[in-house]
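# Notes for the structure review
Each chain, letter by letter, is given below.
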Amino acid sequence: SKLIAEIVKAMETSLGSDNGFDVELKRLEYKLPLFNDTSDTSFIFFENGVVKITKSSIDLLPLDSLNDKGVVWESSVLPHNISITDNDDGKFEEFVNKSMYRPKEVQSDTGDWRDNYELTDVSAEELESLRTSYGYLIHRHNTDDKLKMIFFIDEDSNLGKPEGGNGKSLIMESVEHYRKKAYCDGKKFRQGSDSSRFLYSHVELDTGFLFIDDVRPTFDFTDVFNDITGDLTVERKNKDKVIIPKDRKPKMGATTNYVVSGSGTSVERRRHVVEFGSYWNKVEKVGESPSDKQHLGELL
C-alpha cells in the first residue's frame, strides 16, 4: 500500500511537467533499493524464512530480519516452507553424483554393468566443478572478474559424434527451482542471423537465470562475449530495447552435445566447462530407466 501511495504521489507531482514523472520514479528507485546477494553470502527466500548460505554455514533466518536490507522481487520468494537438516542423501543428489560416473580402467565381468562404473579421480574433480558452478548459477551476486557462461557437456562428445542423455539439461534446468528462468533454444543461435537479436526476448527484469539449451557446433562463442561480461540488451519485436545492468542481469548457462570450440584468454575467462560422465547414457543404451529400482527407484 505504501508503494501504491508513492506511485500515486509521483503521478500527481508529474502533472504539468515533462519530466517530473521520471524524476519521481528515480526517487522511488532510490527509496526502494533492491536487495542483492554479496560476494561471499547468498540468500534464498522461502515463505517461512530466508536461507543464508556462506562458505562455512547454512542458516534459516526470519523473513523480517532483512527488512532494512532492501526489497525483493515477488518471483524470488519460493512458494515452499523450508527447514535445515543434516540429510544430504536425496535422490537428486544421487542423480547428480551418478551423472559424473565413468567406466573403470579395468573392466570386470560380474554380470552387472554398473560394477564397471565409478567416481574416478577425474570425475570427482568434475563433480566438484559441477557443485561449484551450480552454486554460482543460484547466486545473485555478479562480480566483474567472475562473469562467466557455464557449459555442461559430455566427456565423450566430439565434433562428428555428439553424445547426450547424461543429465545435463535436467540438472541445469533444475536451477529454475531457485531462480526465475528464461529459456533460449540453442539451435536458434545462427551466426549473422538477424533473428538472433530476439533470442533473449523472454528475459525480464526479475529473471535470475538464462538457460541456453542444446547449443550446436555452429555456435560462435564470441557472439555472446559482451552479453557475458557487460550489460545485457534485451530486444523484443516492435518494442523498445531493455538494457539490464551487469550487476543485475541473470546468470547464463548452456548445454551442448558437442565440443565447445574456441581457445585463448578471452574465451577461457568467460566460460566454465563441466564434463559429464556416461552413466545415464549407458542406462538408456541398455534399455533401462533412471527410475528403475536398481538406479534411483523413483521418478525425480
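Scroll up to find the structure this text is about.
Below is a summary of the structure that appears in this document. Remember, predicted model here, so these are calculated numbers, not experimental data.

## Quick look at the overall build of the protein
When helices and strands are counted, the protein shows eight helices and 13 strands. Looking at the protein residue by residue over its 300 residues, the buried ones come to 38%. Long-range pairs, those at least 24 residues apart, make up 69% of the contacts in the protein with a sequence separation of at least 6. For the protein, the computed accessible surface area is about 17,500 Å², with 50% contributed by carbon and sulfur atoms.

## Here's the deal with the packing of aromatic side chains
A full pass over the atoms with the stated rule returns 17 aromatic pairs. Ring geometry for Tyr134 and Tyr178: centres 6.2 Å apart, planes at 90°, overall edge-to-face. Placement of Tyr134 in helix H4 (residues 121-138) and of Tyr178 in the loop between helix H5 (168-173) and strand S8 (181-185) is noted, with a sequence separation of 44 residues between them. With relative accessibility at 29%, the residue Tyr178 sits in the partly exposed group. Seen from their ring centres, Tyr183 and Phe211 are 5.8 Å apart, and the 75° between their planes marks the pair as edge-to-face. Taken together, the residues Tyr183 in strand S8 and Phe211 in strand S9 (residues 209-215) connect sequence positions 28 residues apart. Residue classification places Tyr183 among the partly exposed positions, given a relative accessible area of 36%. Three or more aromatic residues link up through ring pairs in this structure, and these residues are Phe95, Tyr101, Trp113, Tyr117, Tyr279 and Trp280. The side chain of Lys251 reaches across the aromatic face of Tyr136, ending 3.9 Å from its centre. Lying over the aromatic face of Phe225, Arg270 brings its terminal NZ or CZ to 4.2 Å of the ring centre.

## Details of a negative patch on the surface
Taken together, the side chains of Glu105, Glu118, Asp121 and Glu125 present a region of like negative charge at the surface. With respect to the secondary-structure elements, Glu125 resides in helix H4. Classification of Glu125 by relative accessible area gives exposed; the value is 58%.

## As for the sheet that holds strand S7 (residues 149-154)
The strand order S8-S9-S12-S7-S13 describes an open sheet built from five strands, whose pairing is parallel. The open sheet has two edge strands, S8 and strand S13 (271-276), and neither has a second partner. Geometrically, the sheet is characterised by an average inter-axis angle of 20° between neighbouring strands, direction not taken into account. Seen against the sheet, H4 touches S7, S9, strand S12 (251-256) and S13 and runs at an angle of roughly 135° to S13.

## A few points about H4
Its 18 residues give H4 an end-to-end C-alpha distance of 26 Å, which sits within 8% of 26 Å, the value for a rise of 1.5 Å per residue. Among all positions of H4, only Ser123, Glu126, Leu127, Ser129, Leu130, Ser133, Tyr134, Tyr136, Leu137 and Ile138 are buried.

## Some details on the sheet that holds strand S3 (residues 58-61)
Ordered by their spatial adjacency, four strands build an open sheet running S3-S2-S1-S4, and the pairing between neighbours is mixed. Strands with a single pairing partner mark the edges of an open sheet, and in this sheet they are S3 and strand S4 (77-78). Direction of pairing for strand S1 (residues 42-46) relative to S4: parallel, over a ladder of two bridges. Paired with Phe45 across the bridge in S4 is Val77.

## What to know about a nonpolar patch on the surface
A contiguous nonpolar surface patch, about 400 Å² in accessible area, is contributed by Leu32, Leu34, Val71, Trp73 and Leu205. With respect to the element layout, Leu205 can be found in the loop between S8 and S9.

## Section: the pairing of S9
For S9, the tally of buried residues reaches seven of seven residues, placing the bulk of the element in the interior. With five bridges connecting them, S8 and S9 associate as parallel partners. Among the inter-strand pairings, Tyr183 is bridged to a residue of S9, identified as Phe211. Two elements, S9 and S12, share five bridges in a ladder whose sense is parallel. Following the sheet pairing, Phe211 is matched in S12 by Gly253.

The rules behind each value
Residues numbered from 1 in each chain as written. Predicted model: local features only at pLDDT ≥ 70, side-chain atom pairs only at ≥ 80, totals over all residues. Heavy atoms only, no water. Helix = DSSP H or I, 4+ residues; strand = E, 2+ residues; numbered from the N terminus. Buried < 20%, exposed > 50% of the residue type's maximum accessible area, 1.4 Å probe, protein only. Contact = heavy atoms within 4.5 Å. Areas by Shrake-Rupley, 256 points an atom, 1.4 Å probe, with all protein chains shown as cover. Phe/Tyr/Trp six-rings, centres within 6.5 Å; stacked < 30°, edge-to-face > 60°. Lys NZ or Arg CZ within 6 Å of the ring centre and 35° of its normal. Patch = residues over 30% accessible without salt bridge, like charges linked within 9 Å, V, L, I, M, F, W, Y side chains within 5 Å. Salt bridge = Lys/Arg side-chain N within 4 Å of Asp/Glu carboxyl O. Lys, Arg positive; Asp, Glu negative; His and termini not counted. Charge placed at Lys NZ, Arg CZ, Asp CG, Glu CD. Pairing = 2+ DSSP bridges. Axes fitted to C-alpha atoms, helices over the stretch in contact; angles between N-to-C directions. Expected span 1.5 Å × (residues − 1).

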